[in-house]
Amino acid sequence: MRALRYLCRAHQELARQPLPPAGSWRQPFDPGARWMHQQLRRLRPSGCLPPFDVYIRYDRYGWLKYGLCLLAAALVAAPLLAAGHGAWLPLAGLAFYLAEIHLLFVFPLLLDGHPRPLRRSAALLHRRVGVGPALLTVLPIAAHMLLGLLRPRRPLLHWYAGCLAVLYWYEDVRKPTHAARP
């Protein structure tokens, strides 16, 4: 399973380096973007990644991405709850991740200096991965990240492992000669 391969690789790498400090609730995405840039620089040969662009508003992209995902979840959850069908509420989580897979590669694309990261992320999903395979990869990574937050020691370890797993996936998907389907 692709998700497990990426997560194992991410944990092996994170065992060799310190975790970055967490961002603030007002700016949670900018420190993560800086960390992701460092990781991409480590993954690629020198000169293949533009310098970190301090003028990009990574926090705005992050709030937009997760705001759209939460909106998708709310649009499914509200009618279910209004109709008294709370047992079907997991469909709202599925709606969240259906939106999220379309925006999965926004941050790596921003770091690569792509002019239209939202559009390109969705295009990579549809042209190189596919909705079904993307969900089968994202859901285990997301579960790993969220369950890791319950760890009393190093609760962000699994979160960073999931972010790094997505970077490994992005590197596989962006290669023109590699059709990233399983």
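Our subject is the structure listed above.
Conventions and cut-offs
Residues numbered from 1 in each chain as written. Predicted model: local features only at pLDDT ≥ 70, side-chain atom pairs only at ≥ 80, totals over all residues. Heavy atoms only, no water. Helix = DSSP H or I, 4+ residues; strand = E, 2+ residues; numbered from the N terminus. Expected span 1.5 Å × (residues − 1). Buried < 20%, exposed > 50% of the residue type's maximum accessible area, 1.4 Å probe, protein only. Disulfide = S-S within 2.5 Å. Contact = heavy atoms within 4.5 Å. Polar contact = N/O pair within 3.5 Å; in protein donor to acceptor, adjacent residues only side chain to side chain. Patch = residues over 30% accessible without salt bridge, like charges linked within 9 Å, V, L, I, M, F, W, Y side chains within 5 Å. Areas by Shrake-Rupley, 256 points an atom, 1.4 Å probe, with all protein chains shown as cover. Salt bridge = Lys/Arg side-chain N within 4 Å of Asp/Glu carboxyl O. Phe/Tyr/Trp six-rings, centres within 6.5 Å; stacked < 30°, edge-to-face > 60°. Lys NZ or Arg CZ within 6 Å of the ring centre and 35° of its normal.

*Asks:* I keep staring at helix α8 (residues 157–174) and nothing clicks. Help me out?
*Replies:* Helical geometry: 3.6 residues make up each α-helical turn, so side chains three or four residues apart lie on a common side. The end-to-end C-alpha distance of α8, which contains 18 residues, comes to 26 Å, matching closely the 26 Å that a straight helix rising 1.5 Å per residue would cover. With 16 of its 18 residues buried, α8 lies for the most part within the structure.

*Asks:* Please explain the state of the cysteines as it appears in this structure.
*Replies:* Here is the idea: a disulfide is a covalent bond, and it sits between the sulfur atoms of two cysteines. Throughout the structure, instances matching the rule amount to zero disulfides. Unpaired in this structure, Cys8 has its nearest cysteine sulfur neighbour in Cys163, at a distance of 17 Å. Judged by relative accessible area, which is 48%, Cys8 ranks as partly exposed. Cys69 carries a free sulfur, and the closest cysteine sulfur to it, the one in Cys163, is 14 Å from it.

*Asks:* Any chance you could explain helix α6 (residues 117–129) here in plain terms?
*Replies:* The set of residues buried in α6 consists of Pro117, Ser121, Ala123, Leu124, Leu125, Arg128 and Val129. Buried positions along α6 lie against α1 (2–14), α3 (58–82), α4 (90–102), α5 (106–111), α7 (131–148) and α8. Gly130 lies just past α6 and shows a positive phi near 100 degrees.

*Asks:* Please explain the side chain of His37 as it appears in this structure.
*Replies:* Among the structural elements, His37 can be located in helix α2 (residues 29–43). Note on His37: relative accessible area 5%, which makes it buried. Within the structure, the side chain of His37 is placed 3.3 Å from the backbone nitrogen of Phe52, a separation counted as a polar contact. In this view, His37 contacts Leu49, Pro50, Pro51, Phe52 and Leu111; residues no more than four positions away in its chain are not counted.

*Asks:* What is the right way to read a nonpolar patch on the surface from this model?
*Replies:* Where nonpolar side chains cluster on the molecular surface, the patch consists of Trp88, Leu91, Leu94, Leu98, Val131 and Leu139 and spans about 480 Å² of accessible area. Mapped onto the nonpolar patch, the elements with two or more residues apiece are α4 and α7. In terms of residue count, α4 provides more of the nonpolar patch than any other element does, three residues in total. Residue placement: Leu139 occurs in helix α7. When its relative accessible area of 34% is taken as the criterion, Leu139 is described as partly exposed.

*Asks:* Help me out: how do you make sense of the packing of aromatic side chains in this one?
*Replies:* Describing an aromatic ring pair means giving the distance of the ring centres and the angle of the ring planes. Scanning the model with the defined rule gives nine aromatic pairs in all. Here Phe29 and Phe107 contribute two aromatic rings whose centre-to-centre distance is 6.0 Å and whose plane-to-plane angle is 20 degrees, an arrangement assigned as stacked. With Phe29 in helix α2 and Phe107 in helix α5, the pair connects residues that are 78 residues apart, well separated along the chain. With relative accessibility at 16%, the residue Phe29 sits in the buried group. Relative accessible area serves as the criterion here: at 7%, Phe107 is assigned to the buried category. Between Phe105 and Trp169, the aromatic rings sit 5.5 Å apart at their centres with planes inclined by 80 degrees, giving edge-to-face as the arrangement. Here Phe105 is found in the loop between α4 and α5, whereas its partner Trp169 is found in helix α8, with 64 residues between them in sequence. The rings of Phe29, Trp63, Tyr66, Phe96, Tyr97 and Phe107 are connected pair by pair, giving a single aromatic cluster. Taking the ring centre of Tyr168 as reference, the NZ or CZ of Arg9 above it sits at 3.8 Å.

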